[in-house]
Amino acid sequence: MSWGTELWDQFENLEKHTQWGIDILEKYIKFVKERTEIELSYAKQLRNLSKKYQPKKNSKEEEEYKYTACKAFLSTLNEMNDYAGQHEVISENMTSQITVELARYVQELKQERKSHFHEGRKAQQHIETCWKQLESSKRRFERDCKEADRAQQYFEKMDADINVTKADVEKARQQAQIRHQMAEDSKADYSSILQKFNHEQREYYYSHIPTIYQKIQEMEERRIVRMGESMKTYAEVDRQVVPIIGKCLDGIVKAAESIDQKNDSQLVIEAYKSGFEPPGDIEFEDYTQPMKRTISENSLSNSRGEGKAELKFGGKSKGKLWPFIKKNKLSLKLGAAPEDFSNLPPEQRRKKLQQKVDELNKDIQKEMDQRDAITKMKDVYLKNPQMGDPASLDHKLTEVSQNIEKLRLEAQKFEAWLAEVEGRLPARSEQARRQSGMYDGQTAPPVNNCAQDRESSPDGSYTEEQSQESEVKVLATDFDDEFDDEEPLPAIGTCKALYTFDGQNEGTISVVEGETLYVIEEDKGDGWTRIRRSEEEEGYVPTSYVEVYLDKNAKDS
């Protein structure tokens, strides 16, 4: 099967077919190029999608990713980012291995095709020239033969005419001979050219054209093979990334399997646990007997004075109000939060202090790294004065050292508060006693409503609903006079104010740094200590603001 023998007379059709083959190859190149653009666009969209849902740094979203479900989602986003990278690899490989290579090959193919068909046209022009020469020789031979016949007829006519002179007859004979000679010469020339043409024609149809067409056929077959190889490469490029894409998908599955609902539940506890215990039982008060109060050992207040403080939400002794009711919480929010986070429940306070200590340690390390860098630069300046003046760095070095010292003092202060909290977290029985004391002396129905209405504020401290406050106020008013007559709590020790505290909220008391006061109730884990300055002036202060000296034998002033 050869185009040279089978298609010897289809030069024009072969020219069209090979051009069509190049067009098909260019169409395939365009297809692959558009596929690479789609892959790049898809990869870009995947990356943007992954970036869009990544947690923002130093935001609340970043804190949420401590949960295993959120960690799994973050792993999914990262795997999708890698997944997008594989589509970029597909685009790059298809561009380099198919698009670029085929584009170069098409240019070479066009040049080769042009060369082959130029050679074919040259052979065609040569055979056409030979044909024209043959036709010209043939016409000349035909013309000379006709001229010779006419000359012979003219001679015979002159020879037969008796009136014609002998000289005219001789002249006609000579002319006839000349024409016959010319015809013979034309015949010989025509015969020679005809033989040459036949030879050239055989060479053209049996040698030149088959050779040229064979080259064109081989060129076309190479094009077809190259296109098939490109299609295989197209599939291989996809197949090469399948294992990595599979790993990305396996990573997503692994992340999903790592989700631990129990662990997430425990994290919720750690995030919002206040450290307080639920309120204890409320004692039954028998109004059929003479009024006699019995304070529960498990209640918050161990004396009548505390009972008065707890019940008089709307009464006179506002200086003894429990610090974490709704009114006080609102006023604390309006003012600046204490530096030691003493307004928070114990567990939340411990976490905040630990977080602050970690932040300060990071800042210290950062400043130390900066100091080391400045020191090294100063050493370089000392060794190479032309690079800079070492004295110019002294001010910066001193400033950094001062910053480090300030941060260390700050860190020590927060570490002391942290150690205090960690060393004094309350036991369950103490918490139960302290919480239950808030409700001593109240009747069961309204108190039950209060317990149902109680809710936890965002930082873990207790708040009360308005309905509860109104009910408790009504109850408290009935017993104001009775509790006002009760004895104050005895002092259990003394304390010295380490810092000045401005007790502007209900239930708190203001102290001045260095002032000595009596302790009537120690911290039960909520960060507050109850103190007394005089019989009529007592309240709560943050435990971290005072240094307590417990003395069981101390007497009340």
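Starting from 1, residues in each chain are numbered consecutively following that chain's sequence as written. Side-chain atom pairs in this predicted model are given and counted only at pLDDT of 80 or more, local residue features only at pLDDT of at least 70, and totals for whole chains, interfaces and linings cover all residues. Note: side-chain values were computed over all heavy atoms of the structure, leaving out hydrogens and water.

A.B. asks: Mind showing me how you'd approach the overall build of the chain here?
C.D. replies: Looking only at helices and strands, the chain has 13 helices and 7 strands in total. To sort residues, take the accessible area from a 1.4 Å probe on protein chains only and compare it with the maximum for the residue type: under 20% means buried, over 50% means exposed, and anything in between is partly exposed. In the chain, which comprises 557 residues, the proportion classed as buried is 39%. Any two residues whose heavy atoms approach within 4.5 Å at even a single point are treated as in contact. Across the chain, every contact between residues at least 6 apart in sequence was considered, and the portion connecting residues at least 24 apart equals 76%. For every accessible area listed, the method is Shrake-Rupley and the probe measures 1.4 Å; residues are considered covered only by the protein chains on display. For the chain, the exposed area adds up to about 32,900 Å²; of that, 51% sits on carbon and sulfur atoms. Each helix is a run of DSSP H or I of at least 4 residues and each strand a run of E of at least 2, with the numbering of both proceeding from the N terminus.

A.B. asks: Can you help me understand the packing of aromatic side chains in this one?
C.D. replies: Note on aromatic pairs: each is described by the distance of the centres and the angle between the planes. Two rings belonging to Phe, Tyr or Trp (six-membered ring only in the last case) form a pair when the distance between their centres is within 6.5 Å. Interplanar angles under 30 degrees mark stacking, angles over 60 mark edge-to-face geometry, and anything in between is tilted. Here the structure, examined in full by the defined rule, presents 14 aromatic pairs. For the pair Trp-131 and Phe-197, a centre-to-centre distance of 5.3 Å together with 50° between the ring planes defines the contact as tilted. With a gap of 66 residues between them, Trp-131 in helix H4 (residues 68-160) and Phe-197 in helix H5 (residues 166-257) connect regions that are remote in the sequence. With relative accessibility at 5%, the residue Phe-197 sits in the buried group. Where Phe-501 meets Trp-528, the ring centres are 6.4 Å apart and the plane angle is 70°; that geometry is what we call edge-to-face. A residue pair is termed long-range when its members are at least 10 positions apart, and Phe-501 in the loop between strand E3 (493-497) and strand E4 (516-521) and Trp-528 in strand E5 (residues 528-534) qualify at 27 residues. The class for Phe-501 is buried, based on a relative accessible area of 12%.

A.B. asks: What is the right way to look at the environment of Ile-178 in this model?
C.D. replies: Tracing the backbone through its elements, the reader meets Ile-178 in helix H5. Residues Ile-178 and Glu-147, spaced 31 residues apart in sequence, show a C-alpha to C-alpha distance of 9.9 Å.

A.B. asks: How should the pattern of salt bridges be read in this particular structure?
C.D. replies: Side chains that differ in sign of charge can pair as their charged atoms come close. Salt bridges are identified by distance alone: a Lys or Arg side-chain nitrogen within 4 Å of an Asp or Glu carboxyl oxygen. All told, the structure shown has 22 salt bridges when counted by the stated rule. Among the salt bridges present, the one from Arg-223 reaches Glu-220, with a minimum N-O distance of 2.5 Å. Placement of the pair is Arg-223 and Glu-220 together in helix H5, with a separation of 3 residues, close to one helical turn. The same class applies to Arg-223 and to Glu-220, which are both buried. One salt-bridge network, held together by shared partners, links Glu-521, Arg-530, Arg-532 and Glu-538.

A.B. asks: Just to check I follow, could you spell out helix H10 (residues 394-423) for this structure?
C.D. replies: Three or four residues apart is the spacing at which side chains of an α-helix point the same way, because the helix has 3.6 residues per turn. To estimate the expected span of a helix, count its residues, drop one, and scale the result by 1.5 Å. Helix length check: H10, at 30 residues, gives a terminal C-alpha distance of 43 Å against a target of 44 Å (1.5 Å per residue), a fit within 8%. Among all positions in H10, only Leu-397, Val-400, Ile-404, Leu-407, Ala-411, Phe-414, Trp-417, Leu-418, Glu-420 and Val-421 are buried. Buried residues along H10 sit against helix H9 (346-383).

A.B. asks: Just to check I follow, could you spell out the confidence of the model for the chain for this structure?
C.D. replies: Detailed reading of the predicted model is not advised wherever pLDDT is low. On a range of 0 to 100, pLDDT expresses the predictor's confidence in each residue. Looking at the chain as a whole, its pLDDT mean stands at 79, while 78% of the residues score no less than 70. The least confident element of the chain is helix H12 (residues 444-453), whose mean pLDDT is 35; the most confident is helix H2 (residues 11-52), at 95. Below pLDDT 50 for its whole length, residues 291-335 participates in 136 contacts with residues either more than four positions away or in separate chains. The low-confidence segment residues 426-485 (pLDDT under 50) makes 144 contacts with residues lying over four places distant or belonging to another chain.

A.B. asks: Where do I start with helix H6 (residues 261-272) in this structure?
C.D. replies: The first and last C-alpha atoms of H6 sit 17 Å apart over 12 residues, in line with the 16 Å expected at 1.5 Å per residue. Among the residues of H6, Asp-264, Leu-267 and Ala-271 are the ones counted as buried. Down the axis of H6, the sector holding all buried residues measures 55°, keeping them to one side. Polar contacts here mean pairs of N or O atoms no more than 3.5 Å apart (in protein, one a potential hydrogen donor and the other a potential acceptor; neighbouring residues in sequence count only if both atoms are side-chain atoms). Of the residues flanking the start of H6, the one acting as N-cap is Asp-260, its side-chain oxygen 3.0 Å from the backbone nitrogen of Lys-262. As used here, the arc is the angular range of directions from the helix axis to the C-beta atoms.

A.B. asks: When you look at the nonpolar core in this model, what are you seeing that I'm missing?
C.D. replies: If you look at soluble globular proteins, the nonpolar side chains tend to sit buried side by side. Grouped together as the largest cluster of nonpolar side chains are 39 residues, with contacts concentrated most on Leu-25, Tyr-28, Met-94, Ile-98, Tyr-213 and Ile-216. Mapped onto this core, the elements with two or more residues apiece are H2, H4 and H5. Ranked by residue count, the leading element in this core is H4, at 15 residues. When near neighbours in sequence (up to four residues on either side) are disregarded, Tyr-213 contacts Trp-3, Gly-4, Leu-7, Trp-8, Gln-10, Phe-11 and Leu-14. Of all hydrophobic cores here, the second largest spans 13 residues; its members include Cys-495, Trp-528, Val-541 and Tyr-545. We define the nonpolar core as a collection of buried residues of types Ala, Val, Leu, Ile, Met, Phe, Trp, Tyr and Cys that are connected through side-chain atoms lying within 4.5 Å of one another.

A.B. asks: What am I meant to see in the sheet that holds strand E7 (residues 546-550) here?
C.D. replies: For sheets, the rule is that strands pair by backbone hydrogen bonds, running either parallel or antiparallel. Pairing between strands is defined by DSSP: at least two bridges between them are needed. Reading across the sheet, the 5 strands line up as E6-E5-E4-E3-E7 and stay open at both edges, with antiparallel pairing between neighbours. Strand pairing shows two members of the sheet lacking a second neighbour, strand E6 (537-542) and E7, which therefore form its edges. On average, each strand axis in the sheet is inclined to that of its neighbour by 40°, with strand direction left out of account. A fitted line through C-alpha atoms represents every axis, and for helices the fit uses only the stretch in contact; the resulting angles, taken between N-to-C directions, go from 0 to 180 degrees.

A.B. asks: I keep staring at the side chain of Glu-538 and nothing clicks. Help me out?
C.D. replies: Along the polypeptide, Glu-538 turns up in strand E6. A polar contact is formed between the side chain of Glu-538 and the side chain of Arg-530, at a distance of 2.7 Å. A polar contact of 3.2 Å, which involves the side chain of Glu-538, links it to the side chain of Arg-532.

A.B. asks: Would you take a moment to explain a nonpolar patch on the surface for this structure?
C.D. replies: Excluding any residue in a salt bridge, patches collect residues exceeding 30% relative accessible area, merging like charges within 9 Å and nonpolar Val, Leu, Ile, Met, Phe, Trp and Tyr side chains within 5 Å. Together, Leu-49, Tyr-53 and Phe-73 give the surface a local cluster of nonpolar side chains, amounting to about 280 Å² of exposed area. Mapped onto the elements of the fold, Phe-73 is located in helix H4. Accessibility expressed as a relative area gives 36% for Phe-73, which makes it partly exposed.

A.B. asks: Sorry if this is basic, but what is going on with the packing of H2 against H5 here?
C.D. replies: Helices that pack against each other are described as a pair by the angle of their axes relative to one another and the distance between those axes. With their axes 11 Å apart at the nearest point, H2 and H5 run at an angle of 15° to one another. Classified by the angle their axes make, H2 and H5 are roughly parallel. In this structure, H2 crosses over H5, and the sense of that crossing is left-handed. For the contact of H2 with H5, the per-class residue count stands at 15 nonpolar, 4 polar and 4 charged. By the definition adopted for this analysis, an angle is roughly parallel if under 35 degrees, roughly antiparallel if over 145, roughly perpendicular if from 65 to 115, and oblique otherwise. With the far helix as reference, a near helix turned anticlockwise by less than a right angle produces a left-handed crossing, and one turned clockwise produces a right-handed crossing. Charged residues are taken to be Asp, Glu, Lys and Arg, nonpolar residues to be Ala, Val, Leu, Ile, Met, Phe, Trp, Tyr, Cys and Pro, and polar residues to be all remaining types, Gly included.

A.B. asks: Just checking my understanding: could you explain the pairing of E4 for this structure?
C.D. replies: Remember that side chains alternate between the two faces of the sheet whenever the strand is regular. Where E3 lies against E4, 4 bridges are found, and the strand directions are antiparallel. Each bridged residue has a counterpart across the sheet, and for Thr-494 the counterpart in E4 is Tyr-518. Taken together, the 3 bridges between E4 and E5 define a ladder with antiparallel strand orientation. The residue bridging Val-519 from the neighbouring strand is Ile-531, located in E5. Taking the residues that link successive antiparallel strands as the turn, the E4-E5 hairpin has 6 residues, and the phi of Gly-525 there is positive, at about 110°.

A.B. asks: I'm lost on a negative patch on the surface in this one. Help?
C.D. replies: Taken together, the side chains of Glu-61, Glu-62, Glu-63 and Glu-64 present a region of like negative charge at the surface. Within the secondary structure, Glu-61 is located in helix H3 (residues 60-64). Asp and Glu count as negative and Lys and Arg as positive, but His and the ends of the chain are not part of the count. Where a charge lies is defined by one atom per residue type: Lys uses NZ, Arg uses CZ, Asp uses CG and Glu uses CD.

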